[in-house]
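# Observations on the model geometry
Each chain, written out:
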Amino acid sequence: MTKQYLAAIKKRRSQYALGKDLPLAEQEVTELIKEAMRQAPSAFNSQSSRAVILHGAQHEKFWDIVRNELQKIVPAENFAPTEAKINSFAAGAGTVLFYEDQDVVKGLQENFALYADNFPIWSEHSTGIAQFAVWTALAEANIGASLQHYNPLPDAAVAAEWKLPASWKLRAQMPFGSHQGKFSEKEFMADEDRFIVL
């Protein structure tokens, strides 16, 4: 069992060449994402992580919003590489938008004042674990994905488009889809520079 878990973790890699031909039905992908997030731990079992799961045209609409926001700040003569990158994400089948509910964080700060300064930090831990759980679950289902951070650029437009609660804070975006390319070799730093074993 341990070897199976480590094998699943090793399978999780950044896939930038995405397509729309998923090995699972849309509803199965949705349930996979939900279950991975449900099982992800959080401080005080706060379950502060939230997700907007976008498929098909809704997923493409998100990347249209990101593209439009980027056009406002990237000079036109330099926009082609940026647009190509956004198009590569939009070429996938869907995107998971990861949020943290700030009302939950504030509630914990009020109820556990001794740890108040730590709850925003622990919220970031929670979203990171949720992202890793979803990414690994997708990889295990042979679905490619990568993790992106265009927030806060599209935040307001996205919240308005899908009428999201004001307390939800966008932390990351995960475009996903079929594998349309190979992975490059992953390099690791030397163990002696990373670990101390006593």
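To keep things clear, this report deals only with the structure shown in the data block. Everything numeric in this text was worked out from a predicted model, so none of it was measured.

Before going further, it helps to spend a moment on the pairing of strand S3 (residues 94-101). Buried residues dominate S3, accounting for eight of its eight residues. Of the two faces of S3, both are covered, the one formed by Gly94, Val96, Phe98 and Glu100 as well as the one formed by Thr95, Leu97, Tyr99 and Asp101. As defined by bridge partners, strand S2 (residues 49-55) adjoins S3 across seven bridges and the pair is classed as antiparallel. The residue bridging Arg50 from the neighbouring strand is Tyr99, located in S3. Pairing of S3 with strand S5 (residues 168-179) involves eight bridges; the strand directions are antiparallel. Bridge pairing links Tyr99 to Leu170 in S5.

Now for the packing of aromatic side chains. Here a ring pair, both rings aromatic, is described through the centre-centre distance and the interplanar angle of the planes. Per the counting criterion, the structure on display carries twelve aromatic pairs. Their ring planes at 65° and their centres at 5.9 Å tell us that Phe44 and Tyr115 sit as a pair that is edge-to-face. Linking Phe44 in the loop between helix H2 (26-39) and S2 with Tyr115 in the loop between helix H5 (102-111) and helix H6 (119-140), this pair joins segments that are 71 residues apart in sequence. Of the residues examined, Phe44 reaches a relative accessible area of 42% and is grouped as partly exposed. Considering the side-chain rings of Trp63 and Tyr150, the 5.9 Å spacing of their centres and the 85° angle between planes classify their relative orientation as edge-to-face. Of this pair, Trp63 sits in helix H3 (residues 56-71) while Tyr150 sits in the loop between strand S4 (144-145) and helix H7 (155-161), and the two are 87 residues apart along the sequence. By relative accessible area, which is 0% here, Trp63 ends up buried. By way of ring pairs, the aromatic residues Phe44, Phe112, Tyr115, Phe119 and Trp122 are connected into one cluster. The aromatic ring of Trp135 is capped on one face by Arg12, whose charged end is 4.3 Å from the ring centroid.

Below, the discussion takes up the pattern of salt bridges. Evaluated as defined, the whole model comprises nine salt bridges. The salt bridge involving Arg67 is made with Asp64; its shortest N-O contact spans 2.6 Å. Taken together, the residues Arg67 and Asp64, both in helix H3 and three residues apart, mark about one turn of the helix. Here Glu83 makes a salt bridge to Arg67, at a shortest N to O gap of 3.9 Å. Of this pair, Glu83 sits in helix H4 (residues 79-90) while Arg67 sits in helix H3, and the two are 16 residues apart along the sequence. For Glu83, a relative accessible area of 30% puts it in the partly exposed group.

Cut-offs used in this document
Residues numbered from 1 in each chain as written. Predicted model: local features only at pLDDT ≥ 70, side-chain atom pairs only at ≥ 80, totals over all residues. Heavy atoms only, no water. Buried < 20%, exposed > 50% of the residue type's maximum accessible area, 1.4 Å probe, protein only. Helix = DSSP H or I, 4+ residues; strand = E, 2+ residues; numbered from the N terminus. Pairing = 2+ DSSP bridges. Phe/Tyr/Trp six-rings, centres within 6.5 Å; stacked < 30°, edge-to-face > 60°. Lys NZ or Arg CZ within 6 Å of the ring centre and 35° of its normal. Salt bridge = Lys/Arg side-chain N within 4 Å of Asp/Glu carboxyl O.

Purely spatial values, then, with no claim about function.
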